[in-house]
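# Reading the structure
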Amino acid sequence: MHMHTASRRRGSRASAPEECEAETEGPELSALLRWSFAAASIGVWSPVFIFSALRNTLYVIHFGVGVQPLSIVNIVMGWWNALNGPFIARWADAGVLNRLSLFSPAEAWGRRAPWILLGTPLAIAGTAAIWVPPSHEEGALVAWYAGSYFLLVNGVTAQMQAYLASIQELFTTGASRKRAIARQVPFLTVSQLVSAVLPVIAFSYTPDTTETCCIPASGCPQPDEHDSLPCVCYRDAPDLFGVHDYRARSPPPPPPPLSPSEHPPSAPWAAAPWVLATDAFAPDYVAQCAAAANASADGLLSEALKLRADACGIDPETGEPSGVGTEFWRFGLVAGLIALMGTCAFLAVAPARRTPISLEEAGGQAPLSLCASLRATFRLHSFRVYAAIMFLSQCYMSHLLTNISLYLVYVVGIDVAQVGFLMGAMMLPVIATRVLSLPLYLWLLQRAHPASVYSVLRAIEAGLVVLFFLLLKAEGNAEGGPQMSKLTATAAAAGAVLGVTQSPNDIISHMLMGWAIDEDGVERRGLRREGMFYACNGVCQHLSEVVVALILASYGWAGFDPKQCPSEQPASAVTAIELSFLVFGPVVLALLTLLGFAYPIRGERLARLKAQVAVLNEDRSRRITERNVSRPASTRGTASTRTLAEVVFRSRGSRPDEVALSEQLTTSSVPYSEPASEAGGAAASAEAASAEAPDKNSSSKHAVADEAGGEEAVERDLAVVAPAPLSRV
């Protein structure tokens, strides 16, 4: 009967991998916990994404902070973010927080949940506080930015490393990791929609960045009650034309329309302040836009003063600063939304408490020291290739997200008040196409190696990114000034293409990292170091902040000054911004294409690894059941001293004393636990396990044969399922 079942499974290639992986997926998580873990991705990813995407738009364009001091802060924080990760990861892998009574015992809390609880409040504080600085003086802004950034990098390191490590520990196969990431899609879609709306909320007005009133190429901006001019375009006198003295007079002025010619010279209100609205505006604005000023305020100084009060944060009754300007409610709302999304990360705590890997499950091996763990991680060629991919990918995406607003304003030439709308128009198609193309990639990744898919997508993106940036520049420099309809269409098309090419990146990343971790775990006979792997990856990935900071500094070296109008920026500064998108981006994408093809875990090596992991997971799944499932003591499995070699030979129907064991099996010390039977005792349970094992072994072998990449040749001898040192793989 078992041979018939095995043959039937061999005939169904599509179902075999799923059946095998379902048996070894990881701890038994309820549907509620699985979806809770997926929903937590909102709080893990959204605040960091918003910070990376909008920080330069906020601090350079809207607050007018110089790029040089910001670059220094970014470089320092980039190094700190890279170096603090290994320490936190080593403490997490060793269960340091579990020594505290609050997070003890470790079996109840897991190693990752305490770090999520610790890091999430810090991450929320850093990403929200950056929007509400207490002062707009440049020194205070730089200090506030640095403090917020410091909170962010420490919180995110603790929180995100724990979350990513939990993915590897809770979902132990490539297919289960794909499903786990796919479950995040609806939640990330909602958070990305909110993220796309935030630039529209925050940046749909012209800020007081420059020292003079800038007139955009599109023509004179007309102030109105919904979108006033920046304060710099109004006169600075706190009590313009003696308006307070006038309010004490009587009788009140007649209703509009009013002009000096309509009143007898003896009327007290014929003089100031009831004069033309142009008198409320700065001379440099009136010189070019007198008609716009009079038209938008109906020619009344009283209406212009209301607009000025809103733009400058002045109380119209007292003429004194009110502390509430145009940006107050906009930035406060953004900060509140970010904090709300950040709290979703707490949803990962309950699932993370079920993370199954504990130190005693690795054959009694002690965790490596910090230095030894770092050396062991970077020694793996597969990890070095993966880390290089993530470093360059982060350089490219951080530069694209952080500096795209500078390209739109200073190269394309749009008005600053249009930045929020155009960024939203670009982000919405990204979200839509990412979601719509995901089923295609889930199908494709079952038939092609994920690293190869990644390389092809980066090559396509390298060719298209230059095209779209050139099209945006051409539309912006067209005769008659930028036309928003054409710019919006081009930006939406660029976003749609970017969404398609970036859609599978998260899934591919977790698969490639997971195989590197699996390979290390097999070599160490079950001792897994997910936290250290993600920390070492963070060392490389977070150094991308240094590269992006140097790019921003290069703008300053080329003469860029945010306090000057866009039309007054030197040509060298505009060229520096343009080249960073037309040259730097495509070069990085070309390197990523080559690195993807260089990923080494493929073919026979990947097939052997999957078989080895299946054997280890079979043993670990029994331990997980004993620890995580509450049952009477009489029904729990009893520990066995049999080695992994004996388990493998037993599953093949042979006795270990009848076969010459290979060197790697005789030295294996991974313990195996055998569940005891309530009625028949250990002997009956062992006999039942022996009867069922061949069927499972056949299923697992054929699951390997179906692994991504289409490798058919899988070794049928014992070497396939026995762990081998990496030097032999």
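Residues numbered from 1 in each chain as written. Predicted model: local features only at pLDDT ≥ 70, side-chain atom pairs only at ≥ 80, totals over all residues. Heavy atoms only, no water.

Now for the overall build of the protein. Looking only at helices and strands, one finds 27 helices and 2 strands in the protein. The 729 residues of the protein split such that 56% are buried. If you take every contact in the protein between residues at least 6 apart in sequence, the share linking residues at least 24 apart comes to 82%. When the accessible surface of the protein is totalled, it reaches about 29100 Å², and 64% of it is carbon and sulfur. (Helix = DSSP H or I, 4+ residues; strand = E, 2+ residues; numbered from the N terminus. Buried < 20%, exposed > 50% of the residue type's maximum accessible area, 1.4 Å probe, protein only. Contact = heavy atoms within 4.5 Å. Areas by Shrake-Rupley, 256 points an atom, 1.4 Å probe, with all protein chains shown as cover.)

The next subject is the packing of helix α5 (residues 67-93) against helix α8 (residues 138-170). Relative orientation of the contacting elements α5 and α8 amounts to 20°, with a least axis distance of 9 Å. What the angle tells us is that α5 and α8 run roughly parallel. Handedness of the crossing formed by α5 with α8: right-handed. Seen from α5, the contacting residues are P69, L70, V73, N74, M77, W80, N81, N84, G85, I88 and A89; seen from α8, they are E138, V142, Y145, A146, Y149, F150, V153, N154, T157, A158 and Q161. Looking at side-chain class alone, the contact of α5 with α8 contains 14 nonpolar, 7 polar and 1 charged residues. (Axes fitted to C-alpha atoms, helices over the stretch in contact; angles between N-to-C directions. Parallel < 35°, antiparallel > 145°, perpendicular 65-115°, else oblique. Left-handed = near helix turned anticlockwise from the far one by under 90°. Nonpolar A, V, L, I, M, F, W, Y, C, P; charged D, E, K, R; others polar.)

Here the focus is helix α4 (residues 41-62). Between the first and last C-alpha of α4 there are 29 Å, a value that for 22 residues agrees with the 32 Å anticipated at 1.5 Å per step. Residue L54 marks the point of greatest curvature in α4, where the axis turns by about 50°. Counting buried positions along α4 gives 19 out of 22 residues, so the element sits mostly inside the fold. A positive phi of about 70° marks G64, the residue just after α4. (Expected span 1.5 Å × (residues − 1). Bend = angle between axes of the 7 residues up to and from the residue.)

Let us look at the pattern of salt bridges. Counted according to the given criterion, the structure contains 6 salt bridges. A salt bridge links R434 to D506; the shortest N-O distance between them is 3.7 Å. Highlighted residues: R434 in helix α17 (residues 419-444) and D506 in helix α20 (residues 505-523), separated in sequence by 72 residues. Linking E461 and R458 is a salt bridge whose minimum nitrogen-to-oxygen distance equals 2.9 Å. Taken together, the residues span about one helical turn, with E461 and R458 both in helix α18 (residues 450-476) at a distance of 3 residues. (Salt bridge = Lys/Arg side-chain N within 4 Å of Asp/Glu carboxyl O.)

Further remarks concern the state of the cysteines. Applying the stated criterion across every chain yields a total of 2 disulfides. Covalently, C213 is tied to C233 through a disulfide, its sulfur atoms 1.7 Å apart. Linking C213 and C233, the disulfide has an S-S dihedral of approximately 90° and is accordingly described as right-handed. Placement of the pair is C213 in the loop between α9 (174-202) and α10 (243-247) and C233 in the loop between α9 and α10, with a sequence separation of 20 residues. (Disulfide = S-S within 2.5 Å.)

Positionally, S398 belongs in helix α16 (residues 381-412). Overall, the relative accessible area of 2% leaves S398 in the buried class.

So, on to the packing of α16 against α20. One way to put it is that α16 packs onto α20 with a least axis distance of 9 Å and a crossing angle of 155°. The angle between α16 and α20 places the two elements in the roughly antiparallel class. When you trace α16 past α20, the crossing you get is left-handed. Together, S382, F383, Y386 and M390 of α16 and S509, L512, M513, A516 and E519 of α20 make up the contact between the two elements. Residues of the contact of α16 with α20, tallied by class, amount to 6 nonpolar, 2 polar and 1 charged.

Let us now look at the environment of I215. One can find I215 in the loop between α9 and α10. Leaving out residues up to four positions away in the same chain, I215 has contacts with C220, P221, Y285, Q288 and C289.

A few words now on the confidence of the model for the protein. Within the protein, residue pLDDT values average 73, and 68% of them lie at 70 or more. For the protein, the element scoring lowest by mean pLDDT is strand β2 (residues 672-674), at 36; helix α23 (residues 571-598) scores highest, at 94. The low-confidence segment residues 237-274 (pLDDT under 50) makes 45 contacts with residues lying over four places distant or belonging to another chain. Below pLDDT 50 for its whole length, residues 357-363 participates in 21 contacts with residues either more than four positions away or in separate chains. (pLDDT = per-residue confidence, 0-100.)

Our next topic: a nonpolar patch on the surface. Residues L579, V583, V587, L591 and L594 make up a contiguous nonpolar surface patch of about 440 Å² in total accessible area. Take L579: it is sitting in helix α23. (Patch = residues over 30% accessible without salt bridge, like charges linked within 9 Å, V, L, I, M, F, W, Y side chains within 5 Å.)

Moving on, we come to the nonpolar core. Nonpolar side chains tend toward joint burial in soluble globular proteins. Membership of the largest hydrophobic core comes to 141 residues, with the highest contact counts inside it found for Y59, W131, F469 and Y555. Here this core gets 18 residues from one element, more than from any other, and that element is α16. Not counting residues within four places of it along the chain, the set of residues in contact with Y555 comprises H399, N403, L406, F560, A573, A576, I577, S580 and F581. Ranked by size, the runner-up nonpolar core spans 14 residues in total, among them Y234, A293, L307 and A311. (Core = buried A, V, L, I, M, F, W, Y, C linked by side-chain atoms within 4.5 Å.)

So, about the environment of G147. With respect to the secondary-structure elements, G147 resides in helix α8. In the structure, G147 is positioned 70 residues away from M77 in sequence and 10.0 Å away in space, judged by C-alpha atoms.

By convention here, two paired aromatic rings are described through the distance between centres and the angle between planes. For the structure shown, the criterion picks out 21 aromatic pairs. An angle of 65° between the planes, with centres 5.0 Å apart, marks the rings of Y407 and F469 as edge-to-face. Residue Y407 is located in helix α16, and its partner F469 is located in helix α18; the two are separated by 62 residues in the primary sequence. Residue F469 is classed as buried on the basis of its relative accessible area, which comes to 7%. Clustering of aromatic rings is evident, with ring pairs tying together F51, Y59, F63, W131, Y145, Y149 and F331. Positioned above the aromatic ring of W109 is the side chain of R353, whose terminal nitrogen or guanidinium carbon lies 4.0 Å from the ring centre. The cationic tip of R458 hangs over the ring face of Y454; the distance from NZ or CZ to the ring centre is 4.7 Å. (Phe/Tyr/Trp six-rings, centres within 6.5 Å; stacked < 30°, edge-to-face > 60°. Lys NZ or Arg CZ within 6 Å of the ring centre and 35° of its normal.)

A word on the environment of V411. Residue position: V411 is located in helix α16. Considering only alpha carbons, one finds V411 and N477, 66 residues apart in sequence, at a separation of 8.7 Å. When neighbours within four sequence positions are excluded, V411 is seen to be in contact with L406, K473, N477, V574, I577 and E578.

This paragraph deals with unusual backbone geometry. At the junction of S104 and P105, the peptide bond is cis and its omega measures out at 5° in the coordinates. Looking at where P105 falls in the secondary structure, it is placed in the loop between α5 and α6 (106-109).

Attention now goes to helix α15 (residues 370-379). Of all the positions in α15, only L370, A372, S373, A376 and T377 are classed as buried. Along the axis of α15, the buried positions cluster into a sector of 165°, meaning they face one direction only. Lining the buried residues of α15 we find α5, α16 and α21 (530-542). (Arc of directions from axis to C-beta.)

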